[in-house]
Amino acid sequence: MKLNKDLATEWWMDNLEGQLDAERKLQLDAYLKENPELAIELRETTAFWMQMENLESPAPSEAMDLKFEAMLSGYQSAANRRVFDWAPLTQWFRANWQVGFAALIIGLVIGTLVIPKPTQEVDQLAAEVQDMKKILMLTLIEKPQAQERIKAVNMVSEMPRSDEKVIEALVFTLNQDPSNNVRLAALEALMVYGSNSSVREALVSSIATQESPLLQVALADAMVLLQEKSAAAQFSKVLSSPKVDDSIKSKLESTIQTLKEI
């Protein structure tokens, strides 16, 4: 079997899981020697996944400073009735927003459990924390480093309510991101909103934009999981394309049949 970038990536993942036989491993090693740029990309991606929890948060840009300053101003206005000097805290938070953001969430939880507050005020604070997470996510997803964009996509799991801007960013990432790993992460994040009809339509439309066998197979599994019958027609078009990879034809045929029987 002739290797290409997508198949080599798939074999690399299989090898990491101990599922690649010796013959294919030799083929993969030879291919990566001929394609050192891909080898570097795969090693860096693997290192990222293994060290995800140890990654440092990026330094905030000037735009991020302004956004957080605006959010903090809202908190300060809401708390003017308390006798407390917020200026030093605001300055510290702007300089250490990563730690401050975590502290804010912890403080919100403790305050909710220990200090009685009107329900409306608690709901407002929770909404503002959600907005801060959204700002951070939308900022990171525009970073040039693939690992930062993956980190942004993974933040969606911390956002219990769907947001139109977040969903739009995930759909754009699924269809346009240059990294297949980032696209896969975006697909996984979008599945959280699978009950949303607009998200389902976006996933079906995305089938035609994907050229990577990895993404095509992942979308096939997603459509079966969502029982989205309308995806069968899209996969039929992919299957009839001369560019479709032979290694996934049987998978797509099986998916089409399953969707038609739903």
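Cut-off values and rules
Residues numbered from 1 in each chain as written. Predicted model: local features only at pLDDT ≥ 70, side-chain atom pairs only at ≥ 80, totals over all residues. Heavy atoms only, no water. Buried < 20%, exposed > 50% of the residue type's maximum accessible area, 1.4 Å probe, protein only. Helix = DSSP H or I, 4+ residues; strand = E, 2+ residues; numbered from the N terminus. Contact = heavy atoms within 4.5 Å. Salt bridge = Lys/Arg side-chain N within 4 Å of Asp/Glu carboxyl O. Core = buried A, V, L, I, M, F, W, Y, C linked by side-chain atoms within 4.5 Å. Axes fitted to C-alpha atoms, helices over the stretch in contact; angles between N-to-C directions. Parallel < 35°, antiparallel > 145°, perpendicular 65-115°, else oblique. Left-handed = near helix turned anticlockwise from the far one by under 90°.

Caption draft 1: Local environment of helix H11 (residues 197-206). Among all positions of H11, only Val-199, Arg-200, Ala-202, Leu-203, Val-204 and Ser-206 are buried. Next to the buried residues of H11 lie helix H9 (164-176), helix H10 (180-191), helix H12 (213-226) and helix H13 (231-240).

Caption draft 2: Structural detail: the pattern of salt bridges. In total, this model carries 5 salt bridges according to the counting rule given. Between Glu-228 and Arg-200 there is a salt bridge, with the nearest N and O atoms lying 2.8 Å from each other. One end of the pair, Glu-228, is in the loop between H12 and H13; the other, Arg-200, is in helix H11, with 28 residues separating them in the sequence. Of the two residues, Glu-228 and Arg-200, neither departs from the other in class, the shared state being buried. For Asp-221, the salt bridge is made with Lys-251, and the minimal N-O distance between the two is 2.6 Å. Within this pair, whereas Asp-221 is found in helix H12, its partner Lys-251 is found in helix H14 (residues 249-261), the two being separated by 30 residues in sequence. On the basis of relative accessibility, which here comes to 39%, the residue Asp-221 falls in the partly exposed class.

Caption draft 3: The arrangement of the environment of Val-204 in detail. Tracing the sequence through the fold places Val-204 in helix H11. Take Val-204: its relative accessible area is 10%, and that puts it in the buried class. Through-space distance from the C-alpha of Val-204 to that of Ser-230 is 7.5 Å; in sequence the pair is 26 residues apart. Contact partners of Val-204, with chain neighbours within four places excluded, come to Met-223, Glu-228, Ser-230, Ala-231 and Gln-234.

Caption draft 4: Representation of the nonpolar core within the structure. Grouped together as the largest cluster of nonpolar side chains are 45 residues, with contacts concentrated most on Met-137, Leu-170, Leu-190, Leu-203, Met-223 and Phe-235. Breaking this core down by element, the ones donating at least two residues are helix H7 (119-140), helix H8 (146-154), H9, H10, H11, H12, H13 and H14. Leave out the neighbours within four places in its chain, and Leu-203 touches Leu-174, Leu-187, Leu-190, Met-191, Leu-219, Met-223 and Leu-226. If you look at the next biggest cluster of nonpolar residues, it comprises 12 residues, including Leu-7, Trp-11, Leu-28 and Ala-39.

Caption draft 5: Representation of the packing of H13 against H14. The N-to-C vectors of H13 and H14 enclose an angle of 155°; their axes lie 9 Å apart at closest approach. What the angle tells us is that H13 and H14 run roughly antiparallel. Handedness of the H13/H14 crossing: left-handed. Contact residues: Ala-231, Ala-232, Phe-235, Ser-236, Val-238 and Leu-239 in H13; Lys-249, Leu-252, Glu-253, Thr-255, Ile-256, Leu-259 and Lys-260 in H14.

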